[in-house]
Amino acid sequence: MENILIKQKTKTIHFERAIFTSWYCNLGDCAYCYMSTQKSKISEPEKARRSIASILAEAYLCKKLGWKIGFLSAGYGSYTAESILELCKNVYEIYGEKFWLNIGVLNEKTIEKVSPYLKGVCGAVETVNDDVRKKVIPNKHLASIEEMYRICEKFNLKKSMTFIVGLGEQIDDFPLLKDFIIRNNIKKIIFYALNPIEGTIFENSKGPEINYFIEWIRKTRENFPNIDIVAGHWVNRVNYIHLMIDAGANAITKFPAIKLFNSMHAKNIEKEIKTAGFELQGTFTKIPDIDYDEIKHIKNRNFDDKLKNDIIKKVKQYIRTMNR
Ligand code: SF4
């Protein structure tokens, strides 16, 4: 198949950074998830939240580095309607664009409140195979996610979904995914290769074979020429990114891009994207120019001097990590 991205004259591949906001999840029983190994240790959602300054510093750096916010993410029950509204307003202020949210199933009241700041809402679908769902995702019900998607339509929000390859599904399940995408008018799908986490039932798995992972991308692109496909490659699959793009991915994610900034892996990603005939939008290797006055001059009543100073401290800390 001719690469659809070339046909559409797309020249760049962008990086989507998922901004993690909390260590808490009140489900905590998805068999592949790190949170399922932590639930018993964390009982108060507020205390498990990341500091607002570090979240905003990361959003600010995304803007400066040319990265998109894949979504703000958190486990189920990490935020109240009010606290998520404040967070969304603040991220929107510092990032300057609408973004996606992935913090579990949201009710209509919450969606209505946060909708002015959002491009769309992501459903953590993970798999469409019912038997696999019963075994590894017993309490994240598809019906609730689909109900949330219907509410999103009322507020003109786009819908996206995550899909983890390697949970026990087979490529023969593709028609189920196709129906799901059509039924819910999904505009973006993020494919992750299962990353086996210590302490979970997958700890001895190697994750999916690369060709199998890429087959999911290829079939999705063949059936949906206009959908956004984001490939979550982790560090161990960086050398296959050109194949993921050949198969139809138009964005990448799941790379610790601050920690590994300008590393061998970061340089490889830029090379891989070139090998596929594209350019990375933004950079994984050049430290951006930062004008800290830009943060000091934010005029928004939520940003008092203390918060601005804390954001600046965090940005400096991240830049030091990137310079190592
Ligand atoms: S709902 Fe999300 S954060 Fe919570 S256990 Fe499942 S995958 Fe992990």
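Note that this is a predicted model, so its numbers are computed, not measured.

Next up on the list: the environment of Thr285. Mapped onto the fold, Thr285 is located in the loop between β9 (279–280) and α11 (292–296). Counting along the chain gives 21 residues from Thr285 to Met264, while the straight-line C-alpha distance between them is 9.8 Å. Discounting chain neighbours no more than four positions away, the residues touching Thr285 are Asn262, Ala266, Lys267 and Glu270.

Running from amino to carboxyl end, helix α2 (residues 52–65) crosses helix α12 (residues 305–323) at an angle of 60°, the nearest separation of the two axes being 8 Å. In terms of their interaxial angle, α2 and α12 are classed as oblique. As α2 packs across α12, the resulting crossing turns out to be right-handed. Facing α2, whose interface residues are Ile52, Ala53, Ser54, Leu56, Ala57, Tyr60 and Leu61, α12 presents Leu307, Asp310, Ile311, Lys314, Val315 and Tyr318.

Here we come to the packing of α2 against helix α3 (residues 81–95). The interhelical angle for the contact between α2 and α3, taken along N-to-C directions, is 35°, at an axis separation of 8 Å. Of the two possible hands of crossing, α2 and α3 adopt the one that is right-handed. On α3, the residues that touch Ile52, Ile55, Leu56, Ala59, Tyr60, Cys62 and Lys63 of α2 are Asn90, Val91, Ile94 and Tyr95.

Turning our eyes to something else, we now look at helix α7 (residues 174–184). For α7, the set of buried residues is Leu177, Ile181 and Asn184. The arc that holds every buried residue of α7, seen down its axis, measures 90°, which confines them to one face. Residues of α7 that are exposed and point over 90 degrees away from its buried face: Pro175, Asp179, Ile182 and Arg183. For α7, the secondary structure elements touched by its buried residues are α6 (142–154), β5 (158–165) and β6 (188–193).

Calculation criteria
Each chain has its residues counted from 1, running along the sequence as written. The model is predicted, so local features are restricted to residues of pLDDT at least 70 and side-chain atom pairs to those at 80 or more, both for listing and for counting; the totals for chains, interfaces and linings are taken over all residues. Each helix corresponds to a stretch of at least 4 residues labelled H or I by DSSP, and each strand to a stretch of at least 2 residues labelled E; elements are numbered beginning at the N terminus. Here, residue contact means that the backbone-derived C-beta atoms of the two residues sit within 7 Å. Lines fitted to the C-alpha atoms define the axes, with helices restricted to the stretch that makes contact. Angles between their N-to-C directions range from 0 to 180 degrees. What sets the label is the angle itself: under 35 degrees gives roughly parallel, over 145 gives roughly antiparallel, 65 to 115 gives roughly perpendicular, and the rest give oblique. Less than a right angle of anticlockwise turn of the near helix away from the far helix marks a crossing as left-handed, whereas a clockwise turn marks it as right-handed. Exposure classification rests on a simple neighbour count of other C-beta atoms within 10 Å of a residue's own: a residue reaching 20 or more is buried, one at 12 or fewer is exposed, and one in between is partly exposed. C-beta atoms are placed from the backbone. Relevant arc is that of directions from the helix axis to the C-beta atoms, nothing else.

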